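Coordinate analysis (summary)
Here's the letter readout for the chains.
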Amino acid sequence: MSAGANPGFARGRRLRSTPALRRLTAQTRVAPADLVLPVFVKEGIDSAVPIGSMPGVVQHSHDSLRKAAAEAAEAGIGGLMLFGIPADKDPVGSQADAADGVVNKALQNLRADLGDELVLMADLCLCEYTDHGHCGVVTPAGVVDNDPTLDRYAAVAIAQAQAGAHLVAPSGMMDGQVAAIRAGLDSAAFTETPILAYAAKYASGFYGPFREAAEGAPQFGDRSTYQMDPPNADEALREVAQDLAEGADAVMVKPALPYLDIVARVADAVHVPVSAYQVSGEYAMVEAAAANGWIDRERAILETLTAIRRAGAGQVLTYWAVEAARLLARG
Ligand code: PBG
């Protein structure tokens, strides 16, 4: 018997027949305000420098970043996540908390230009600032030293808040980093500055292009002793619980698309905002396939963002934030 001949037969197609019906019944929406654009600002350059492995993404000069930030605000996105690339690197990453360090200068500029129009977030890590490229200070034996790193993170958090960051986002995966940063911020009277913890951050092959963009590749070893191991899921919930117990205001899962199960489990487990970071390798894969004519680029971009939101992320960090906002506005 055909479905049409049986009026009682469940019919999935009824609600799919027109674009308006599909729009009305869509369970997940992506809005420009959900999107956060990660940006790179490099000391000592006069104009933007393209990043080969991330077509369309650049290392900004201070001026080009100001222009891009104004465009991002115009497009209606939710915020910016700033990464700085200093001219001088040293073992402790001094430029991360220097008041005139590249990222702190950029924060001052953007806060002056934009006020509170966008949420200005600062990635809080040392890997772009250390000469060895690790996310913390290292022992003479070359091991990343957890507790001395926490003091550095607290100092960086205070410098970023002083420079105008609305929110700090520790991404180094040191144990106790949220508590140390909260204590540091509070001691400097930044009691209202929230912490978005990169709580479940995996040691991922998908960060490759970022390391060209941020010039922060480890000069020896890798990040497997501090970032999470890809086979583990329960551990992500432990990391998230720990960060919340230490005072995190919001949590992040990273990368996004290969870890949608983690996004979904974290979103189910907590009652704080959950972000997902669609990382450089996720971006590069789609761009490379599209450049070869193998996929419909715009369709794939919006599908990935929808999938990340559907899994339960409230906010999505994506290098396509501004373009996606424009596509969404176009409808
Ligand atoms: C710094 C940091 C990294 C990314 C964000 N913050 C690199 C890393 O951990 O090696 C990756 C972002 C991306 O790939 O887009 N700790």
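Up top is the structure these notes are about.
These notes cover the structure that comes with them.

**Side note on the side chain of T304**
Structurally, T304 is set in helix α10 (residues 297-311). Among the residues examined, T304 registers a relative accessible area of 10% and is labelled buried. At a separation of 2.7 Å, a polar atom in the side chain of T304 contacts the main-chain carbonyl oxygen of I301. In this structure, T304 is in contact with L257, Q278 and W320, ignoring residues within four places of it in sequence.

**A closer look at the pattern of salt bridges**
Taken as a whole and assessed by the stated rule, the structure comprises 12 salt bridges. Its salt-bridge partner being D113, residue R66 comes within 2.9 Å of it at the nearest N-O pair. You can see R66 sitting in helix α2 (residues 62-75) and its partner D113 sitting in helix α3 (residues 102-114), a full 47 residues away along the chain. For R66, a relative accessible area of 29% puts it in the partly exposed group. The partly exposed category is assigned to D113, whose relative accessible area is 39%.

**Description of unusual backbone geometry**
Note the cis peptide between K254 and P255, where omega equals -10°. By the secondary structure assignment, P255 is in the loop between β8 (250-254) and α8 (260-269). Phi at M173 is positive, roughly 60°, even though this residue is not glycine. Relative to the assigned elements, M173 resides in the loop between β6 (167-170) and α5 (177-187). Even without being a glycine, A189 presents a positive backbone phi close to 70°. Looking at the element boundaries, A189 is found in the loop between α5 and β7 (196-201). Among the residues examined, A189 registers a relative accessible area of 62% and is labelled exposed.

Scoring rules and cut-offs
Residues numbered from 1 in each chain as written. Predicted model: local features only at pLDDT ≥ 70, side-chain atom pairs only at ≥ 80, totals over all residues. Heavy atoms only, no water. Helix = DSSP H or I, 4+ residues; strand = E, 2+ residues; numbered from the N terminus. Buried < 20%, exposed > 50% of the residue type's maximum accessible area, 1.4 Å probe, protein only. Polar contact = N/O pair within 3.5 Å; in protein donor to acceptor, adjacent residues only side chain to side chain. Contact = heavy atoms within 4.5 Å. Salt bridge = Lys/Arg side-chain N within 4 Å of Asp/Glu carboxyl O.

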